[in-house]
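Listed here are the chains, written in short residue letters.
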Amino acid sequence: MYTPEWLKPGIYGALIGAVCVGVVGFTWGGWVTGGIAAGRAVTMAREDVVTALVPVCLNIARNDPERAEMLATIRGSSSHQRRGAVMAAGWATMPGTDAPNRDIAQACLAALDVDRSPERPETTIDEG
């Protein structure tokens, strides 16, 4: 096939321009492939579910009759063993499931704020 000589620079320019636009789009433009987008969507959905279930975990912890002892156990545990203590307490086991969830336990542990001062019973003021 015969192509005119004046057409070659235009074809080369279009090819080089397309490559440059692709490189700039994927590096600085925020373009992603379908696989990366799907992975990010799954991660965001998992984080949203964990965030939604933290109040359930806190409610389970609040209603636990052995709450004070479990909080003392968690406080006495090392920082990398605390999540396991929350899971062992059953606070990260959601209703309808059989096993605790590690992500929910970690988020619940952060919401419990076990490093603050221990809970003290309310004192009554003697007005007499």
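About the thresholds
- Residues numbered from 1 in each chain as written.
- Predicted model: local features only at pLDDT ≥ 70, side-chain atom pairs only at ≥ 80, totals over all residues.
- Heavy atoms only, no water.
- Axes fitted to C-alpha atoms, helices over the stretch in contact; angles between N-to-C directions.
- Helix = DSSP H or I, 4+ residues; strand = E, 2+ residues; numbered from the N terminus.
- Parallel < 35°, antiparallel > 145°, perpendicular 65-115°, else oblique.
- Left-handed = near helix turned anticlockwise from the far one by under 90°.
- Contact = heavy atoms within 4.5 Å.
- Buried < 20%, exposed > 50% of the residue type's maximum accessible area, 1.4 Å probe, protein only.
- Arc of directions from axis to C-beta.
- Polar contact = N/O pair within 3.5 Å; in protein donor to acceptor, adjacent residues only side chain to side chain.
- Core = buried A, V, L, I, M, F, W, Y, C linked by side-chain atoms within 4.5 Å.

Student: What's the story with the packing of helix H3 (residues 67–76) against helix H4 (residues 82–89) in this structure? I'm lost.
Tutor: Packed helix pairs are specified by the crossing angle of their axes together with the interaxial distance, meaning the distance between the axes. Relative to each other, H3 and H4 sit at 160°, their axes nearing to 8 Å. It follows that H3 is roughly antiparallel to H4 by the angle criterion. Of the two possible hands of crossing, H3 and H4 adopt the one that is right-handed. Residues Met70, Ile74 and Arg75 of H3 pack against Arg82, Ala85, Val86 and Ala89 of H4.

Student: Whenever I open this one, helix H5 (residues 102–112) confuses me. Can you help?
Tutor: Count 3.6 residues to each turn of an α-helix, and residues three or four apart come out pointing the same way. Along H5, the residues classified as buried are Ile104, Ala105, Cys108, Leu109 and Leu112. Axial view of H5: buried residues confined to an arc of 135°, hence all on one face. For H5, the elements touching its buried residues are helix H2 (34–62), H3 and H4. Of the residues that open H5, the one with a side-chain oxygen 2.8 Å from the backbone nitrogen of aspartate 103 is asparagine 101. After H5 finishes, the residue aspartate 113 shows a positive phi value of roughly 55°.

Student: Sorry, what's going on with the nonpolar core here?
Tutor: Considering soluble globular proteins, one finds that nonpolar side chains tend to be buried as a cluster. Counting 18 residues, the largest nonpolar core has Ile74, Val86 and Trp91 as the members making the most contacts within it. Residue assignment for this core shows that the elements contributing at least two residues are H2, H3, H4 and H5. It is H5 that contributes the most residues to this core, five residues altogether. Once you skip the residues sitting within four places of it in the chain, tryptophan 91 turns out to touch Cys57, Ile60, Ala61, Asp64, Arg67, Met70, Leu71, Ile74, Val86 and Leu112.

Geometric values such as these leave the question of function open.
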